[in-house]
Number of protein chains: 2
Amino acid sequence: MSGRTARRRVLRISLPGGAGEPARAAERADLLAAEEPLGIRVGGEALTLTMRTPGDDIDLAAGFLVSEGVVAEPADIAGIMICDGQRCGHAGHDGDSGMGNIADVTLRPGLAVAAGLRRSFMTTSACGVCGKTSIEELAVASRFDLAADQARVTPEVLAGLPDELRAAQRVFESTGGLHAAGLFTAAGQLLAVREDVGRHNAVDKIVGWALRSGRLPLSGCVLLVSGRASFELVQKAVLAGIPVLAAVSAPSSLAADLAQESGLTLVGFLRGGSMNVYTGQDRVLARADVSG
Amino acid sequence: MSGRTARRRVLRISLPGGAGEPARAAERADLLAAEEPLGIRVGGEALTLTMRTPGDDIDLAAGFLVSEGVVAEPADIAGIMICDGQRCGHAGHDGDSGMGNIADVTLRPGLAVAAGLRRSFMTTSACGVCGKTSIEELAVASRFDLAADQARVTPEVLAGLPDELRAAQRVFESTGGLHAAGLFTAAGQLLAVREDVGRHNAVDKIVGWALRSGRLPLSGCVLLVSGRASFELVQKAVLAGIPVLAAVSAPSSLAADLAQESGLTLVGFLRGGSMNVYTGQDRVLARADVSG
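Everything numeric here is computed off the predicted structure, so don't read it as measured data.

Definitions and limits used
Residues numbered from 1 in each chain as written. Chains lettered and ligands numbered in written order. Predicted model: local features only at pLDDT ≥ 70, side-chain atom pairs only at ≥ 80, totals over all residues. Heavy atoms only, no water. 1 Å grid on protein atoms, 1.4 Å probe; cavity = no way out; pocket = protein on both sides within 12 Å on 5 of 7 lines; lining within 4 Å. Points joined across faces, edges and corners; volume = space filled by probe spheres on them. Helix = DSSP H or I, 4+ residues; strand = E, 2+ residues; numbered from the N terminus. Salt bridge = Lys/Arg side-chain N within 4 Å of Asp/Glu carboxyl O. Core = buried A, V, L, I, M, F, W, Y, C linked by side-chain atoms within 4.5 Å. Buried < 20%, exposed > 50% of the residue type's maximum accessible area, 1.4 Å probe, protein only. Contact = heavy atoms within 4.5 Å. Polar contact = N/O pair within 3.5 Å; in protein donor to acceptor, adjacent residues only side chain to side chain. pLDDT = per-residue confidence, 0-100. Nonpolar A, V, L, I, M, F, W, Y, C, P; charged D, E, K, R; others polar.

## A short note on the layout of surface pockets
Gaps left between atoms are located by rolling a probe of water-molecule size over the structure's atoms. Looking at the second largest pocket, its volume works out to about 800 Å³. Residue lining of the second largest pocket: 35 residues in total, with A:Ser226, A:Arg228, A:Ser249, B:Arg228 and B:Ser249 positioned closest to the centre. Contributions of two or more residues to the lining of the second largest pocket are made by helix 5 (155-168) and strand 12 (265-271) of chain A together with helix 5 (155-168) and strand 12 (265-271) of chain B.

Below you can see the structure in the form of structure tokens.
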């Protein structure tokens, strides 16, 4: 079974404070975050490959398909099997496969990956996006309307989320090597946390869990990511119907642009009791004291 | 012209120390790291797409082709033009295109992207890698033999690199939103630094610059990355002939495995005067004092 961590020998070197003293070095065992490829197939045909931390692979595949606009409700997926090249099987109750690195998705009858999407993956989007830079051209259309989401969140609740996320990151604690995504209510209650070597995978695992438990769209929720906010992460939040995306670090320009277009509230640099709200500022209840 | 940063309005909120006091909020301008798609074409055919920070696009395309084992010396590339969908042109002296989001690469006569590689991109590697987890099956073969690289580096030099990299990160300073990669000699002299919203792009920009200036293989060099070390980054270092890869944060299991297989020295958690050496420990001159 593929674990989420892997043990390796390491030479730990520390430099002493005093000049001229030799460095101290000691061999010890160290836990690393596991990284392995997961191939996602739909209807027997390869769709994409991601380097991920094993675990929650069923959710990862399901969430990826939500993020690409292929599915939006539990019934859209007839089944997901985890295969190792020879054998396939259903995952355990926690979504862990323990079996292999292929997720084989069967969509409900009548639903298929759009030829355009499959082609865009087949050519890694290079043709479809070449020369396109506008949000309208790049973004995947969402079935959910974020602009209608009446969620409101206070700065106090937002400021407390990073500590809650960190406390819930079990694998990060042992490896220091994983991104995390946490889903919260607008009141700050933690609904789910997922960790992965790839930040996009951590979000897909959250979204896939939400799809499979019938929670989409994730109206009224806040998604917190441990790192930066890219275009891709904003797109995943929008496609899952999440009205507020908060990041501990900086957003990119295209992330802010897509958030603006989509009616998403984008919060960045959420740390140490302060934050930047880039878009959708009406959802953050701090307007009474606006100055400047 | 596409800039490396973009200005956006932001609501900055700070929570006061005292309980019950209202949050302070003020509108101000903020600089974000620019993120835009770059399509890479070879011989007129789409090969891949990456979300990157504009700038050094020619180097990015060249470095990507090194990382995939397509090219290894300057003469392998007959030319790279930057296009916007209608027009194409040569980049400025600093590699900035300012023209568009397509890099159109012409290889030297007789050289082509292997059908297998093109197919693996066309299917996003999902078939080729499905069910494969061994390093031998995943990794791209390198033309350079790292095991023969006699480079040696001291812990003192390594410990000083993160500060040097940070000092050289001009865009990060204004946006807080960019990964960086820095190339150093084993004596700690900075040779090049590149920044990007994607850490893999920052490394490709370094490698492409090195290819185009006739510096491959980068024997005796140390590559420092500002974040974590994934399988992909180790592969890029190996294909560029770099014997030492150091990361400020954690490596993944597959990164350590590929480094071991390839004879690469992999250093992680390089911060605050200490570091973990995962593989290739003979290159780090701290063995005299090994204990434990």
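## Re the pattern of salt bridges
For the coordinates displayed, the defined rule picks out 22 salt bridges over all chains. A salt bridge links A:Asp56 to A:Arg4; its shortest N-O distance comes to 3.5 Å. Highlighted residues: A:Asp56 in the loop between strand 4 (45-52) and helix 1 (57-67) and A:Arg4 in the segment before strand 1 (5-14), separated in sequence by 52 residues. Its salt-bridge partner being B:Asp204, residue B:Lys236 comes within 3.0 Å of it at the nearest N-O pair.

## Brief notes about the nonpolar core
Residues B:Leu65, B:Val71, B:Val105, B:Leu107, B:Val234, B:Leu245 and B:Leu266 are the most contacted members of the largest nonpolar core, which totals 63 residues. Sequence-distant contacts of B:Leu245, defined by excluding residues within four places in its chain, comprise B:Leu223, B:Val225, B:Ala229, B:Leu233, B:Val234, B:Ala237, B:Leu264, B:Thr265, B:Leu266 and B:Val267. Within the second largest apolar cluster, 62 residues are counted, among which are A:Ile58, A:Ala210, A:Leu218 and A:Leu258.

## Observations regarding helix 1 of chain A
All names here are of chain A. In terms of residue burial, helix 1 counts as a mostly covered element, since 11 of its 11 residues are buried. Among all positions in helix 1, only Asp57, Ile58, Asp59, Leu60, Ala61, Ala62, Gly63, Phe64, Leu65, Val66 and Ser67 are buried. Backbone geometry just downstream of helix 1 places Gly69 in the positive-phi region, at approximately 80 degrees.

## Notes on the side chain of A:Glu36
The topology assignment puts A:Glu36 in strand 3 (residues 36-42). For A:Glu36, the side chain forms a polar contact with the side chain of A:Asn101, separated by 3.1 Å.

## Considering the confidence of the model for chain A
Residue and element names in this part refer to chain A. Taken residue by residue, chain A gives an average pLDDT of 85. The fraction at 70 or more is 84%. Below pLDDT 50 for its whole length, residues 92-97 participates in 12 contacts with residues either more than four positions away or in separate chains. Interface confidence in the predicted complex, given as ipTM, is 0.86; pTM for the same model is 0.88.

## Details of empty space enclosed by the protein
Residues and elements named next belong to chain B. The full count for this structure, using the stated rule, is 1 cavity of 30 Å³ or more. Taken as a whole, the largest cavity spans an internal volume of roughly 40 Å³. In terms of lining residues, the largest cavity is bounded by Val66, Gly69, Val71, Ala72, Ser142, Arg143, Phe144 and Leu239. Taken together, the residues of the lining of the largest cavity break down into 5 nonpolar, 2 polar and 1 charged.

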